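The chain contents come next:
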Amino acid sequence: MPRSQFDQELNKMHVDLDRMCHLVVLAIENCVTAFKEQDYELALDIIHGDKQINDVERSIEAKCLSLILKQQPVASDLRDVSTALKVVTDLERIGDQSADIAELILEMKEMDSFLMIGHIQDMAKIATKMVKESLDAFHQHDLNHALEVKKMDIKMDELFDQVKEDIIQMIKESNDKGDLTINFLMIAKYFERIGDHVVNICEWIEFNQTGKLNNTRLI
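Residues numbered from 1 in each chain as written. Predicted model: local features only at pLDDT ≥ 70, side-chain atom pairs only at ≥ 80, totals over all residues. Heavy atoms only, no water.

**Comments concerning the packing of helix 3 (residues 75-107) against helix 6 (residues 178-210)**
At their nearest, the axes of helix 3 and helix 6 sit 9 Å apart, and the two run at 170° to each other. Compared by their axis directions, helix 3 and helix 6 come out roughly antiparallel. Class assignment of the residues belonging to the contact of helix 3 with helix 6 gives a composition of 14 nonpolar, nine polar and eight charged. (Axes fitted to C-alpha atoms, helices over the stretch in contact; angles between N-to-C directions. Helix = DSSP H or I, 4+ residues; strand = E, 2+ residues; numbered from the N terminus. Parallel < 35°, antiparallel > 145°, perpendicular 65-115°, else oblique. Nonpolar A, V, L, I, M, F, W, Y, C, P; charged D, E, K, R; others polar.)

**As for unusual backbone geometry**
For Gln 38, which is not glycine, the phi dihedral falls at a positive 50°. As for its placement among the helices and strands, Gln 38 is situated in the loop between helix 1 (3-37) and helix 2 (40-70). Given a relative accessible area of 13%, Gln 38 falls into the buried group. Phi angles above zero are rare outside glycine, and His 141 is one such case at about 55°. Tracing the sequence through the fold places His 141 in the loop between helix 4 (118-140) and helix 5 (143-173). (Buried < 20%, exposed > 50% of the residue type's maximum accessible area, 1.4 Å probe, protein only.)

**Thoughts on the confidence of the model for the protein chain**
Residues with a pLDDT of 70 or more make up 95% of the protein chain, whose mean pLDDT is 89. Element-level mean pLDDT values for the protein chain span from 68 in strand 2 (residues 216-217) up to 94 in helix 2. (pLDDT = per-residue confidence, 0-100.)

**Quick word on the nonpolar core**
Within the largest apolar cluster, 67 residues are counted, with the highest numbers of intra-cluster contacts made by Leu 91, Ile 120, Val 131, Phe 184 and Phe 191. Looking at this core element by element, the count peaks at 14 residues for helix 1. (Core = buried A, V, L, I, M, F, W, Y, C linked by side-chain atoms within 4.5 Å.)

**Focus on the packing of aromatic side chains**
Summed over all chains, the structure comprises one aromatic pair. Aromatic pair Trp 204 and Phe 207: ring centres 5.3 Å apart, planes at 85°, arrangement edge-to-face. Taken together, the residues span about one helical turn, with Trp 204 and Phe 207 both in helix 6 at a distance of three residues. The exposure classification of Trp 204 matches that of Phe 207, with both residues buried. (Phe/Tyr/Trp six-rings, centres within 6.5 Å; stacked < 30°, edge-to-face > 60°.)

Structure, rendered in structure tokens:
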């Protein structure tokens, strides 16, 4: 494959990647809105939109594998393609977890239930911020920014521990909200997992820039 054609195919892959990033950011933002406003129609939209995210992921994977097979990329190109393959996996999982949160929102019919565990709202805000900023760092090839985003996960883990304490207190005060407390715990866990996937994206940004992953040189 001529270099010019390789660059064109690489650009097409990045266009798809930009689209997937947009869809995932929209899904996590809609999750926060649906949870806060108990918007069940929006929750359904999130669930239905997950298929679109999955379709774009498959398109990106096909383009990446084609680039690797048709031309042996130089180290920097190989890092670029390999990073895209890894990042889309974490993006797809963030999309899945947004859909999982949406399904739980559909089960929460009690008015103002989102107010009962305030720390979940804080987790949602940090999750949204982490996703947006990690993708900014990815597009701008900004390693320092990625390393700063990774640090946000410490606060996310702290908030998850606080949510668990909130739930214990809720159970002590009322034992008739068993299903609701389980849903709260699951929603918090999904937001915590979104934070973990963002950390993975940041580590792949580091690989893209340095060829190292967790201080081990791969390429």
